[in-house]
There are 2 protein chains.
Amino acid sequence: MKEHRNISIADQIFEQLEKDILSGRYQRGEVLSELRLSKEMNVSRTPIREALLRLAQENILQESGRGMVVIGISNDDMLDMYDIRLHLEGEVARRAARNITEEQLSQLYELTDLQRFYINKQGNGSSEHTKNLDSQFHELLYTASGSKSYTDVLVRIHKKMTKYRIASISKQSRALQSNEEHMAICEALASHDTDRAEQAVLAHVRNAMNRMEHLEPIDG
Amino acid sequence: MKEHRNISIADQIFEQLEKDILSGRYQRGEVLSELRLSKEMNVSRTPIREALLRLAQENILQESGRGMVVIGISNDDMLDMYDIRLHLEGEVARRAARNITEEQLSQLYELTDLQRFYINKQGNGSSEHTKNLDSQFHELLYTASGSKSYTDVLVRIHKKMTKYRIASISKQSRALQSNEEHMAICEALASHDTDRAEQAVLAHVRNAMNRMEHLEPIDG
DNA sequence: AACCGTATGATTGTATACAATTGTAGCGTT
DNA sequence: AACGCTACAATTGTATACAATCATACGGTT
């Protein structure tokens, strides 16, 4: 633990734990002890503790007197998050159609093209790339709306969704469909047609929700 | 710093800094140094650092290479938060009208009565009480919806709003009007009429937004 | 005078030491 | 056997020590 790079150990631990919790590796109700984790990961308590604090701030963990208790998210929580997106992303799309810059627009197109490339490639780790590009696309869309508050809420939600168990994007056919919807959003934004942008984004969210609902729940 | 109580120093510092930032005491762009704050507050760097990390997780601070930079929130951010609430709280109200328990309902009534008492009292620190009861009312309303995701988003937003500069509730006449709207929400929920609950909550948010818009902005 | 290198100070990131609390197991007493 | 007390183990909260990085200022050299 001697190297001092740009990305801190605490950040890595945060990402790792967040993924492990949201993907279901840690069960709801499980208690995470700082000392145990620090031994498991061969670091001191400090970065562990910082990661746990941030996760608690996200309501992914709950500090409960003795140790941090895993809360995680359920299928119902996921459905509610889609519901929230349906209530918010229409407005975001309208604002983005009005405010998006040429540079942001070309970036969105590029992300979409690159994502299609990786989906068709289907190589090792391409699914990871695909998910990453999906996150970047949506984050940029939110940013293009020009609203910090909307972006804050939706980025938080989207981040949780992509780490939930197996992302619905993993099947190639569904990934391609999602990618086509991204392209439709790009074109709607390029036309600066607020109604069209709203419809394109809402259709995408609705379809994503349906793609997820058809996955089997893992536990009861 | 020897006492070990239930509420940690780090928590107190977090609350204090959050209030100081959102109320405008720290300017946007200002850099907060751990060492400086720890000297100012006569504690070690550890609790300061933990508070800063949590504030960064809330996007109230931004960690930018050298120290934490204050982001804070602007009037536009506030308006967007009201806009988000208008898009979400109608649905929350509908769900609460369906799911609220008798106990939650009587608690809501009690909070409303107590708030009216403090507003009329107008004693020293009664404004603090009033704001606190307002937060409790809305948090309970969100919880009554039964949705963790909705509650998470809205509690976060509401918390920020109440700490923004001077809350719009500070004038007695406005506080009384807000309190009457709370009572209307209670009665709508008691009737379990989803449409009526939605209308009551949305009217309350709209009125709160108008009450805020009429306040003067402090800086340009 | 200009330029380059080094030392120094400020700051964050990590590890460790210490204090306090809490739960529990075990033992003794009745 | 039941109850209570004590001691210990586990755990968090805080302070401090140490390492690494970065900016800056200062001094020497050409």
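Please read these numbers as outputs of a predicted model, since none were measured by experiment.

Counting its secondary structure elements, chain A contains nine helices and three strands. When the helices and strands of chain A are read in sequence order from the N terminus, they spell out α-β-α-α-β-β-α-α-α-α-α-α. A compact globule built from 220 residues would reach a C-alpha radius of gyration of about 17 Å, and chain A, at 19 Å, matches this within 12%. Considering only C-alpha atoms, chain A reaches an extent of 55 × 45 × 35 Å along its principal axes. Buried residues in chain A amount to 50% of all 220 residues. Put simply, 73% of the contacts in chain A that link residues at least 6 apart link residues at least 24 apart. With 29 positive and 34 negative side-chain charges, chain A shows a separation of 5 Å between the mean positions of the two kinds.

With that out of the way, let us pick up the domain arrangement of chain A. How big an interface is tends to be stated in terms of the accessible area lost upon association of its parts. All names here are of chain A. Splitting chain A by domain gives domain 1 (6-70) and domain 2 (75-214). Taking the mean C-alpha position of each, domain 1 and domain 2 sit 28 Å from one another. Counting residues at the interface gives eight residues for domain 1 and six residues for domain 2. Counting the surface lost from both domain 1 and domain 2, the interface buries some 660 Å², and carbon and sulfur atoms represent 46% of this. Together, Glu 18, Leu 22 and Glu 58 form the three largest contributors to the area buried by domain 1 at its contact with domain 2, with a combined 62%.

What follows is about the relation of the copies chain B and chain A. Once turned by 180 degrees and shifted 0.0 Å along the axis, chain B lies on chain A with an RMSD of 0.0 Å. Here the symmetry operator amounts to a two-fold rotation axis. When the interface residues of chain B are mapped onto chain A, 100% of them are again interface residues, pointing to one common binding face.

To continue, consider the nonpolar core. The biggest cluster of nonpolar side chains holds 116 residues, and the ones touching the most others in it are Leu61(A), Leu189(A), Leu61(B) and Leu189(B). Beyond its immediate stretch of four places on either side in the chain, Leu61(A) contacts Ile21(A), Leu32(A), Leu52(A), Leu55(A), Ala56(A), Met68(A), Val69(A), Val70(A) and Ile71(A).

The subject of this paragraph is the interface of chain B and chain A. Between chain B and chain A, the contact holds 29 residues from the first and 29 residues from the second. Buried surface at the junction of chain B and chain A, both sides included, amounts to about 2,700 Å², of which 44% is carbon and sulfur. Interface area lost by chain B to chain A is led by Gln57(B), His87(B) and Lys148(B), which between them contribute 22%. In this assembly, chain B and chain A are joined by eight salt bridges. As a salt-bridge pair, Asp80(A) and Arg95(B) come within 2.8 Å of each other at their nearest N and O atoms.

The next point concerns the pattern of salt bridges. Evaluated as defined, the whole model comprises 40 salt bridges over all chains. Between Asp83(B) and Arg95(A) there is a salt bridge, and its shortest N-O distance comes to 2.9 Å. Placement of the pair is Asp83(B) in helix α4 (residues 75-99) and Arg95(A) in helix α4 (residues 75-99), with the two residues belonging to separate chains. Note on Asp83(B): relative accessible area 17%, which makes it buried. A salt bridge links Glu58(B) to Arg156(B), with the shortest nitrogen-to-oxygen separation between them at 3.0 Å. Here Glu58(B), found in the loop between α3 (45-57) and β2 (61-63), pairs with Arg156(B), found in helix α7 (residues 148-162); they are 98 residues apart in sequence, far enough to count as distant. When sorted by exposure, Glu58(B) lands in the same class as Arg156(B), which is buried. A single network of salt bridges, built from pairs that share partners, joins Glu15(A), Glu18(A), Lys159(A) and Lys163(A).

Another aspect to go through is the sheet that holds strand β1 (residues 31-32) of chain B. All names here are of chain B. If you walk across this open sheet you meet the three strands as β1-β3-β2, and the pairing is antiparallel. The open sheet has two free edges, formed respectively by β1 and β2, since each of these has just one partner strand. Relative to strand β3 (residues 68-70), β2 is paired through three bridges, and the arrangement is antiparallel. Each bridged residue has a counterpart across the sheet, and for Gln 62 the counterpart in β3 is Val 69.

Here we come to the packing of α4(A) against helix α7 (residues 148-162) of chain A. Residue and element names in this part refer to chain A. Where α4 contacts α7, the axes come no closer than 10 Å and their chain directions differ by 140 degrees. The angle between α4 and α7 places the two elements in the oblique class. Crossing angle aside, the handedness with which α4 passes α7 is left-handed. Residue-level contacts link Met 78, Met 81, Tyr 82, Ile 84, Arg 85, Leu 88, Glu 89, Glu 91, Val 92 and Arg 95 of α4 to Tyr 150, Val 153, Leu 154, Ile 157, His 158, Lys 160 and Met 161 of α7.

Okay, helix α3 (residues 45-57) of chain A next. All names here are of chain A. Under the 1.5 Å per step criterion, the end-to-end length of α3 is 18 Å for 13 residues, consistent within 8% with the ideal 18 Å. Counting buried positions along α3 gives ten out of 13 residues, so the element sits mostly inside the fold. Residues of α3 that are buried include every one of Pro 47, Ile 48, Glu 50, Ala 51, Leu 52, Leu 53, Arg 54, Leu 55, Ala 56 and Gln 57, and no others. Positive backbone phi, at 60 degrees, marks Asn 59, one or two positions downstream of α3.

The rules we used
- Residues numbered from 1 in each chain as written.
- Chains lettered and ligands numbered in written order.
- Predicted model: local features only at pLDDT ≥ 70, side-chain atom pairs only at ≥ 80, totals over all residues.
- Heavy atoms only, no water.
- Helix = DSSP H or I, 4+ residues; strand = E, 2+ residues; numbered from the N terminus.
- Rg over C-alpha atoms; globule rule 2.2 N^0.38 Å.
- Buried < 20%, exposed > 50% of the residue type's maximum accessible area, 1.4 Å probe, protein only.
- Contact = heavy atoms within 4.5 Å.
- Lys, Arg positive; Asp, Glu negative; His and termini not counted.
- Charge placed at Lys NZ, Arg CZ, Asp CG, Glu CD.
- Domains from an automatic or database assignment.
- Buried area = accessible area lost by both parts, 1.4 Å probe.
- Least-squares fit on C-alpha atoms with pLDDT ≥ 70 in both.
- Core = buried A, V, L, I, M, F, W, Y, C linked by side-chain atoms within 4.5 Å.
- Salt bridge = Lys/Arg side-chain N within 4 Å of Asp/Glu carboxyl O.
- Pairing = 2+ DSSP bridges.
- Axes fitted to C-alpha atoms, helices over the stretch in contact; angles between N-to-C directions.
- Parallel < 35°, antiparallel > 145°, perpendicular 65-115°, else oblique.
- Left-handed = near helix turned anticlockwise from the far one by under 90°.
- Expected span 1.5 Å × (residues − 1).

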